Amino acid sequence: MKLLLTDLASGVDHVPSNYIRPISDRPNLNQVEKSQGSIPFIDLQQLHGPKHCDIIAQIGLACQNHGFFQVKNHGIPERMIHNVLRIAREFFRQPESERLKNYSDDPRKTTRLSTSFNVNTENVSNWRDFLRLHCYPLQHYVNEWPTQPPSFREDVGEYCNRVRDLVLRLLEAISESLGLDRDYINSQLGKHGQHMAMNYYPPCPQPELTYGLPGHTDPNLITILLQDHVPGLQVLQNGKWVPVHPIPNTFIVNIGDQMQVLSNDRYKSVLHRAVVNSSTERISIPTFYCPSPDAVIGPAKELIDEDHPAVYKNFSYQEYYHKFWNRGLATESCLDLFKAASSTQNCESGVHYP
Ligand code: OGA
Ligand code: NI
């Protein structure tokens, strides 16, 4: 038995049965929305210049209406982007024996190579291998990271620092867009956390039967996704799956569950998924920025009033994260488990508010 998909996928001309989704839960690739450009595209060049207010407004609208946007002029050099994609590709092209040194199926491990989503709890597997790294504070974790390819630790470490700088700027902008102090979100995250995945989706002989990742929302605060030139990411917008076509040197930013909670449901953590294709491998590198495990998360007091009661109770990020990994990638958001008593009652009595 192969532990990793990468090593199994190269030798099969059919999808093995444990990867096949039930008919009701397949990607229906021909029903995907063909139109482009439905995710806002925001130029961060002027974030600290004369157009500041306009850009804050664009960010606010994107978080509210789409849960997703793309950014250019984000401050991360092109050479660094190319380099981290190259390192990820080289990592997954190493011989199986070298890669397996990093293998673990225990989600609590802070550096690990694994496959699918959570092989211990899921019924159907996903067409993906992934390397997951904790990356903040960097010096706590960098010594566990792979040493191959040779520049891995240095180059990926530098990339993580730069992505963190971008996140901190975005958190200020998002706080401001909610009418909160610029430092508000930053101040709610305890010691802060930053994780990263290198996702590797091998070519798949029958992409219509399986997912790279099925529809899910991200459990963290905010995600900064880098994808290579191969399409595969789709975002649910107005009930339709919309592809996010790769644009070189841009990042895709999406709101995670914790931001939805902090904003008391003003900003949306939106379903997205990764589909695979029969001809080309695909790499994506999401950075998951999050509270530290001990941070207590709840709706911002300034966003609670008579018309907008607290939708969520307060909880520790640790509790949330544990639930997320153990219940599998269910389409119903994990957020429903953390609703405030008053909003749960509304659901139980069958009253649904728009
Ligand atoms: C994720 C994710 C999308 C992609 O890793 O959470 O949504 O395109 N990835 O790989
Ligand atoms: Ni995701």
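Predicted model, so just to flag it, every value in this text is computed and none were measured.

**Section: the side chain of Thr6**
The topology assignment puts Thr6 in helix α1 (residues 5-9). In this structure the side chain of Thr6 is engaged in a polar contact, spanning 2.2 Å, whose partner is the side chain of Asp129. Excluding residues within four positions of it along the chain, Thr6 makes contact with Phe92, Arg99, Asp129, Tyr200 and Pro202.

**Here's the deal with the coordination of the nickel ion (ligand 2)**
On the protein side, the nickel ion (ligand 2) has His216 (NE2), Asp218 (OD) and His272 (NE2) as donor atoms, found 2.1 Å from it. Summarised as a motif, the one-chain spacing of the donors to the nickel ion (ligand 2) is H-x1-D-x53-H. With Asp218 in the loop between β6 (213-216) and β7 (222-227) and His272 in strand β11 (residues 272-274), this residue pair connects regions lying 54 residues apart in the sequence. His272 sits in the buried class, given a relative accessible area of 6%.

**Quick notes on the state of the cysteines**
Structurally, a disulfide amounts to a covalent bond that connects the sulfur atoms of two cysteines. Tallied over the full model, the rule gives zero disulfides. Free of any disulfide, Cys135 has its nearest neighbouring cysteine sulfur in Cys160, separated by 3.7 Å.

**Comments concerning the sheet that holds β6**
Sheet strands pair via backbone hydrogen bonds, and the direction of the pair is either parallel or antiparallel. One open sheet accounts for four strands, arranged β6-β11-β8-β9; its pairing is antiparallel. Strands with a single pairing partner mark the edges of an open sheet, and in this sheet they are β6 and β9 (240-243). Within this sheet the neighbouring strands show an average axis-to-axis angle of 20 degrees, counted without direction. The pairing of strand β8 (residues 233-237) with β9 spans four bridges and is antiparallel. Bridged to Gln234 within β9 is Pro243.

**So, the site of ligand 1**
Residues in close proximity to ligand 1 include Asn199, Tyr201, Leu213, His216, Asp218, Leu233, His272, Arg282, Ser284, Pro286 and Phe288, which together make up its full environment. With the chains in place, 96% of the 290 Å² that ligand 1 exposes on its own is no longer accessible. Judged by its atoms lying within 2 Å of the grid points, ligand 1 is housed in the largest cavity. Every element with two or more residues in the shell around ligand 1 is listed here: β5 (193-201), β6 and β12 (282-290). The element contributing the most residues to the shell around ligand 1 is β12, with four residues.

**Quick notes on the layout of surface pockets**
Empty space within the second largest pocket amounts to approximately 640 Å³. At the level of secondary structure, the elements contributing two or more residues to the lining of the second largest pocket comprise β4 (129-136), α5 (138-141), β5 and α9 (317-327). No other element matches α9, which puts six residues into the lining of the second largest pocket. Looking at the lining of the second largest pocket, its residues break down into 11 nonpolar, 10 polar and six charged.

**A few points about helix α3 (residues 78-92)**
Taking 1.5 Å of rise per residue, the 15 residues of α3 would be expected to cover 21 Å, and the 22 Å separating its terminal C-alpha atoms lies within 8% of that figure. For α3, the set of buried residues is Met80, Ile81, Asn83, Val84, Leu85, Ile87, Ala88, Phe91 and Phe92.

**Let's talk about the environment of Asn161**
Mapped onto the elements of the fold, Asn161 is located in helix α6 (residues 152-177). A relative accessible area of 40% means that Asn161 is categorised as partly exposed.

**Some words on the pairing of β8**
One face of the sheet, then the other: side chains in a regular strand alternate in exactly this way. Taking burial as the measure, the five residues of β8 include four buried ones, the bulk of the element. Of the strand pairs in this sheet, β8 and β11 are connected by three bridges, and their pairing is antiparallel. The residue of β11 that forms the bridge with Val235 is His272. Joining the antiparallel neighbours β8 and β9 is a turn of two residues, in which Asn238 adopts a positive phi near 50 degrees.

**Quick notes on the sheet that holds strand β1 (residues 41-43)**
If you walk across this open sheet you meet the eight strands as β1-β2-β10-β7-β12-β5-β4-β3, and the pairing is mixed. Two strands close off the open sheet at either side, each with one partner strand: β1 and β3 (111-115). The sheet shows a mean angle of 25 degrees between the axes of neighbouring strands, direction not considered. One ladder, built from seven bridges, connects β5 with β12; its direction is antiparallel. In the strand pairing of β12, Tyr200 is matched with Ile283. The strands that α3 touches are β3, β4, β5, β7, β10 (251-255) and β12; relative to β12, the one it contacts most, it runs at about 115 degrees.

**Looking at the nonpolar core**
In terms of nonpolar packing, the biggest core is built from 77 residues, with Ile59, Trp145, Val156, Ile174, Met196, Met198 and Ile222 touching the most fellow members. Among the elements that line this core, the one with the most residues is α6, at 11 residues. If near-sequence neighbours (up to four positions away) are discounted, Met198 is found in contact with Val84, Ala88, Phe92, Asp129, Phe130, Leu131, Phe152, Val156, Ser284 and Ile285. Core analysis: the next-biggest nonpolar cluster, separate from the first, contains 10 residues, Val15, Tyr19, Tyr201 and Ala274 among them.

Thresholds applied
Residues numbered from 1 in each chain as written. Chains lettered and ligands numbered in written order. Predicted model: local features only at pLDDT ≥ 70, side-chain atom pairs only at ≥ 80, totals over all residues. Heavy atoms only, no water. Helix = DSSP H or I, 4+ residues; strand = E, 2+ residues; numbered from the N terminus. Polar contact = N/O pair within 3.5 Å; in protein donor to acceptor, adjacent residues only side chain to side chain. Contact = heavy atoms within 4.5 Å. Donors = N, O, S within 2.8 Å, 3.2 Å for Na, K, Ca; no water. Buried < 20%, exposed > 50% of the residue type's maximum accessible area, 1.4 Å probe, protein only. Disulfide = S-S within 2.5 Å. Pairing = 2+ DSSP bridges. Axes fitted to C-alpha atoms, helices over the stretch in contact; angles between N-to-C directions. Near = heavy atom within 4 Å. Areas by Shrake-Rupley, 256 points an atom, 1.4 Å probe, with all protein chains shown as cover. 1 Å grid on protein atoms, 1.4 Å probe; cavity = no way out; pocket = protein on both sides within 12 Å on 5 of 7 lines; lining within 4 Å. Sits in = over half its atoms within 2 Å of the grid points. Points joined across faces, edges and corners; volume = space filled by probe spheres on them. Nonpolar A, V, L, I, M, F, W, Y, C, P; charged D, E, K, R; others polar. Expected span 1.5 Å × (residues − 1). Core = buried A, V, L, I, M, F, W, Y, C linked by side-chain atoms within 4.5 Å.

It is worth stressing that arrangement in space is one thing and function is another; only the former is reported here.
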